[in-house]
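A look at the structure
The residues making up each chain are set out below.
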Amino acid sequence: MSVVLGVDTGGTYTDAVLIRDEQVVIAKAKALTTRADLAIGIGSAVTAVLAKAGVDAGEIAMASLSTTLATNALVEGQGGRVALVYIGFSERELETQGLSEALGGDPVLVLAGGHSHAGGAVAVLDLAALDAWARDQEVSAFAVAAQFATRNPEHELAARDLLRQVTGRPVTCSHELSARLGGPKRALTAVLNARLIGLTHRLIARAEETLHSLGVRAPMMVVRGDGALISAAQAQERPIETILSGPAASLVGARWLTGAGDALVADIGGTTTDIALLRNGVPQIAPGGAQVGRFRTMVEAVAMRTHGLGGDSEVHVLDGLAGGLSLGPRRVVPVSLIGFEHGAAVRDELERQLRCVIPGDHDGRFVRRVAGQDTGGLSAREAGLLARIEGVMPLGAVLKSRIEGQALQRLVGRGLVQVAGVTPTDAVHVLGRLSDWDAESARLALELMARRRVGSGERLATGAEPLAERIVAEMTLATGRALLETAFAEEGWDLPASELARHPLLEAGLRRQSGILALETRLALPVVGLGASARCYYPAVARMLNGEAILPDHGDVANAIGAVVGQVVMRRSGIVTAPSEGRFRVHLSAGPQDFAASEEAMACLEAALGAEARAAAEAAGAVDISVVLRREVKVVEAEAREVFLEAVVRAEASGRPRITR
């Protein structure tokens, strides 16, 4: 008998599950995610699940972690301060692929250098300028992207070596993350990877330390964004590959729990709702790379649409006569949770605010500092504001001006402080559909929001319960539209999916409107609802879409289950080009190599990529490894003969994770 442990750190909860012989769930447990130190929540969840199962920690044969840390960090704009070395490109190209937005004002050095599409150097790399610039940078990590580095990584490697020597900081090279062309997009991926390194290192190191302290000696794996497993060391080196890790694990878990063939899988967490399509029980890989929030990366991941819509999405009151509501995309700490953690101090302040005749701009909102975070690179205003925050405080007592509101948002983006406010989680506490935290704090916060005046001069709502119903209705509508967007995108309609999901004819069909025209629309595939709060929302979502909701047992820990029932899969790809007649160039990680015959060149590349993929799978802890090689050869007809253009070679090594018995 073998027992494996799966752990998932979500935005709100950390889940742990024990599975026996890869077939039976023997225990599950939840703990609050401790964002200041995620390992505390991991330790609490693992301790609880071991106690429930009566299993000794030494019996665990494998541990695996899925995490929404990277996804949430990118959606919320968090992560360390980084610097980009941009080799062979122009300043203008910083504006493409969202690269300038991703940098967010972080330093960048545009440097001469780079290579041509054939792999030849187009300019000398100015290492002296790089050396002088690097010494002045106060950053957590560097990203390096050079023009056509996938054809010849020489300049990226030289820059990496110098940066490591001069600064001692982690360095991400773009060619190590993707073999595809598209320099600005590769640079974006490298920047995001560099930004996540510090967060991921802390999580994995503390998670391993916590498991060892509990007596778990088995190796730890991490779920990658395509649902495959990698070693902890590999995840620390390439944290960007763990974006959509949690959602990918949920798809693997959904298939394992339901046996569903064709279905839409929707996983609602604290920060996001992640939706993907299962076809014949298999999730699809995003052809253009994983997209999270505003950014399209070059990371291989499941074809997942991530929406900034979760149980902890901030509720906003819209301007206008009617004063509608909107949700997200930013996550805040639910007032019910901060009231649960801080007790009377929060409730007393909410009651004081209710006694005030005139509502305050920041009523019902709180702020607290997150300990143990890197505070380097703060402006004087940001540092002063951070120093003012002690314990949990009403937001109105901290902010003295509008400009400080902008400084606060930057502190939130750096993960240095947390803001608490009204969320859908608070609404379902008020309605009695959830009882995990402090319902009284939630009720008081909704009373404060309900008395706000809208454009017509009327109150937003008559009380906490009517407002809670409106918030849940808004959550139902937003979730239904997110599912419809995914359905339209998968169907391949010409119009944008976001427009189709809101089209008046579609809405009439969902209402089964009947007049001169009788319209009826329904979602043809079932929706598998996952997540701790899925049962609060998805029955109503299914009714809205005239469809079926499947809410499986253990769906609240599907991510943790998916973390331990997956496989190790490593993929590598490369290209053979023909720079001149009779010469075939293999673009290897060590640099280009020429051959006189195309078959000889492709065989060389297959051998190199197969060896790299197998070695990566072995490093991840895989056993029973098999390697599959594929060629895509492009030729053209010229003067009654075939002329070789290029060949793309792909290698895939897969195997079972090693389980110690």
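Our subject is the structure that appears above.
1. Side note on the overall build of the protein chain
- Scanning the protein chain from N- to C-terminus turns up 21 helices and 29 strands.
- For the C-alpha atoms alone, the extent of the protein chain along its principal axes is close to 85 × 65 × 55 Å.
- For the protein chain, the residues scored as buried account for 54% of the 661 residues in total.
- A sequence separation of at least 24 residues applies to 67% of the contacts in the protein chain between residues at least 6 apart.
- Total accessible area on the protein chain is roughly 27200 Å²; 50% of this is exposed by carbon and sulfur atoms.

2. Details of the sheet that holds strand E27 (residues 591-595)
- Here we have five strands laid out as an open sheet, ordered E27-E26-E25-E29-E28, and antiparallel in their pairing. Pairing within the sheet leaves two strands with one partner each, and these edge strands are E27 and strand E28 (622-638). Each neighbouring strand pair of the sheet contributes to a mean axis angle of 20°, computed without reference to strand direction.
- Examined bridge by bridge, strand E25 (residues 568-580) and strand E29 (residues 641-657) share 10 bridges and lie antiparallel to one another. Bridge pairing in E29 places Val569 opposite Ser654.
- Each of E25, strand E26 (583-588), E27, E28 and E29 touches helix H21 (residues 598-619); the most contacted strand, E25, lies at about 155° to it.

3. As for the packing of helix H9 (residues 335-342) against helix H10 (residues 344-355)
- Where H9 meets H10, the closest approach of the two axes is 6 Å, and the angle between their N-to-C directions is 125°. The pairing of H9 with H10 is recorded here as oblique in orientation. Of the residues in H10, those in contact with Val335, Ile338, Gly339 and His342 of H9 are Ala344, Ala345, Val346, Arg347 and Leu350.
- Looking at the contact of H9 with H10 residue by residue, the classes come out as six nonpolar, two polar and one charged.

4. Topic: unusual backbone geometry
- The step from Gly328 to Pro329 runs through a cis peptide bond, and the omega angle for that step is 0°.
- Along the chain, the position of Pro329 falls in strand E18 (residues 325-331).
- Although it is not a glycine, Arg512 sits at a positive phi angle of roughly 55°.
- Its location among the elements puts Arg512 in the loop between helix H18 (504-510) and strand E23 (527-530).
- For Arg512, a relative accessible area of 45% puts it in the partly exposed group.
- For Asp624, which is not a glycine, the phi torsion comes out positive at approximately 55°.
- Structurally, the position occupied by Asp624 is in strand E28.

5. Observations regarding the nonpolar core
- Residues Leu5, Leu99 and Val576 are the most contacted members of the largest nonpolar core, which totals 112 residues.
- Among the elements that take part in this core, helix H6 (residues 183-213) stands out by supplying 12 residues, more than any other.
- The contact partners of Val576, leaving out residues within four places of it in the chain, are Phe584, Arg585, Val586, Ala601, Met602, Leu605, Phe644, Leu645, Glu646 and Ala647.
- Counting residues in each nonpolar core, the second largest holds 58 residues, with Leu264, Val422, Leu467 and Phe488 among its members.

6. Here we look at the packing of aromatic side chains
- Summed over all chains, the structure comprises five aromatic pairs.
- Note on Phe488 and Trp493: the rings are 5.4 Å apart at their centroids and 85° apart in plane angle, and the pair reads as edge-to-face.
- In this structure, Lys30 packs its charged tip against the face of Tyr13, placed 5.1 Å from the ring centre.

7. Brief notes about helix H16 (residues 464-491)
- Under the 1.5 Å per step criterion, the end-to-end length of H16 is 41 Å for 28 residues, consistent within 8% with the ideal 40 Å.
- Positive phi appears at Gly492, one or two residues downstream of H16, with a value of about 80°.

8. A few points about helix H13 (residues 402-413)
- The terminal C-alpha atoms of H13, which comprises 12 residues, lie 17 Å apart, in line with the 16 Å expected from a rise of 1.5 Å per residue.
- Looking only at H13, the buried set comprises Glu404, Gly405, Ala407, Leu408, Leu411, Val412 and Gly413.
- Buried residues in H13 make contact with strand E20 (366-369), helix H11 (380-388), helix H12 (395-398) and strand E22 (417-421).
- Gly415 lies just past H13 and shows a positive phi near 75°.

9. Concerning the pairing of E27
- Bridge count between E26 and E27: five bridges; the pairing is antiparallel. If you follow Val586 over to E27, its bridge partner there is Gln593.
- Taking the residues between adjacent antiparallel strands as the criterion, E26 and E27 are bridged by two residues.

10. Considerations on the pattern of salt bridges
- Counted under the stated rule, the structure contains 37 salt bridges.
- With its nearest N and O atoms 3.6 Å apart, the salt bridge here joins Lys634 to Glu646. Placement of the pair is Lys634 in strand E28 and Glu646 in strand E29, with a sequence separation of 12 residues.
- Given the relative accessible area of 46%, Lys634 is considered partly exposed.
- Glu646 gets classed as partly exposed once you look at its relative accessible area, which sits at 21%.
- Within the structure, one salt-bridge network assembled from shared partners comprises Arg224, Asp226, Arg571 and Glu652.

11. Remarks on the sheet that holds strand E8 (residues 171-173)
- Across the sheet, which stays open at both edges, the four strands sit in the order E6-E5-E7-E8 with parallel pairing between neighbours. Two strands close off the open sheet at either side, each with one partner strand: strand E6 (108-111) and E8. Neighbour-to-neighbour, the strand axes of this sheet turn through a mean angle of 15°, independent of strand direction.
- Seen against the sheet, helix H4 (residues 127-134) touches strand E5 (82-87), E6 and strand E7 (141-146) and runs at an angle of roughly 170° to E6.
- Helix-sheet contacts for H6 involve E5, E7 and E8, and the interaxial angle to E7 is about 165°.

12. Topic: the environment of Leu318
- Positionally, Leu318 belongs in the loop between strand E17 (313-317) and E18.
- Each C-alpha atom, one on Leu318 and one on Val541, is 23 Å from the other, the two residues being 223 residues apart in sequence.

13. Some thoughts on the packing of H11 against H13
- Interhelical geometry of H11 versus H13 gives an angle of 80° and a closest axis separation of 9 Å. The angle between H11 and H13 falls in the class roughly perpendicular. On H13, the residues that touch Arg381, Glu382, Leu385, Leu386 and Arg388 of H11 are Ile403, Glu404, Ala407, Leu408, Arg410 and Leu411.
- Each residue belonging to the contact of H11 with H13 can be placed in one class, and the counts come to six nonpolar, no polar and five charged.

14. Side note on the environment of Gly310
- Residue position: Gly310 is located in the loop between strand E16 (304-307) and E17.
- Classification of Gly310 by relative accessible area gives buried; the value is 0%.
- Each C-alpha atom, one on Gly310 and one on Val398, is 27 Å from the other, the two residues being 88 residues apart in sequence.

15. Considerations on the side chain of Glu241
- Along the chain, Glu241 turns up in the loop between helix H7 (232-237) and helix H8 (245-258).
- By relative accessible area, which is 17% here, Glu241 ends up buried.
- Excluding residues within four positions of it along the chain, Glu241 makes contact with Arg224, Gly225 and Val299.

Each value, and the rule that gives it
- Residues numbered from 1 in each chain as written.
- Predicted model: local features only at pLDDT ≥ 70, side-chain atom pairs only at ≥ 80, totals over all residues.
- Heavy atoms only, no water.
- Helix = DSSP H or I, 4+ residues; strand = E, 2+ residues; numbered from the N terminus.
- Buried < 20%, exposed > 50% of the residue type's maximum accessible area, 1.4 Å probe, protein only.
- Contact = heavy atoms within 4.5 Å.
- Areas by Shrake-Rupley, 256 points an atom, 1.4 Å probe, with all protein chains shown as cover.
- Pairing = 2+ DSSP bridges.
- Axes fitted to C-alpha atoms, helices over the stretch in contact; angles between N-to-C directions.
- Parallel < 35°, antiparallel > 145°, perpendicular 65-115°, else oblique.
- Nonpolar A, V, L, I, M, F, W, Y, C, P; charged D, E, K, R; others polar.
- Core = buried A, V, L, I, M, F, W, Y, C linked by side-chain atoms within 4.5 Å.
- Phe/Tyr/Trp six-rings, centres within 6.5 Å; stacked < 30°, edge-to-face > 60°.
- Lys NZ or Arg CZ within 6 Å of the ring centre and 35° of its normal.
- Expected span 1.5 Å × (residues − 1).
- Salt bridge = Lys/Arg side-chain N within 4 Å of Asp/Glu carboxyl O.

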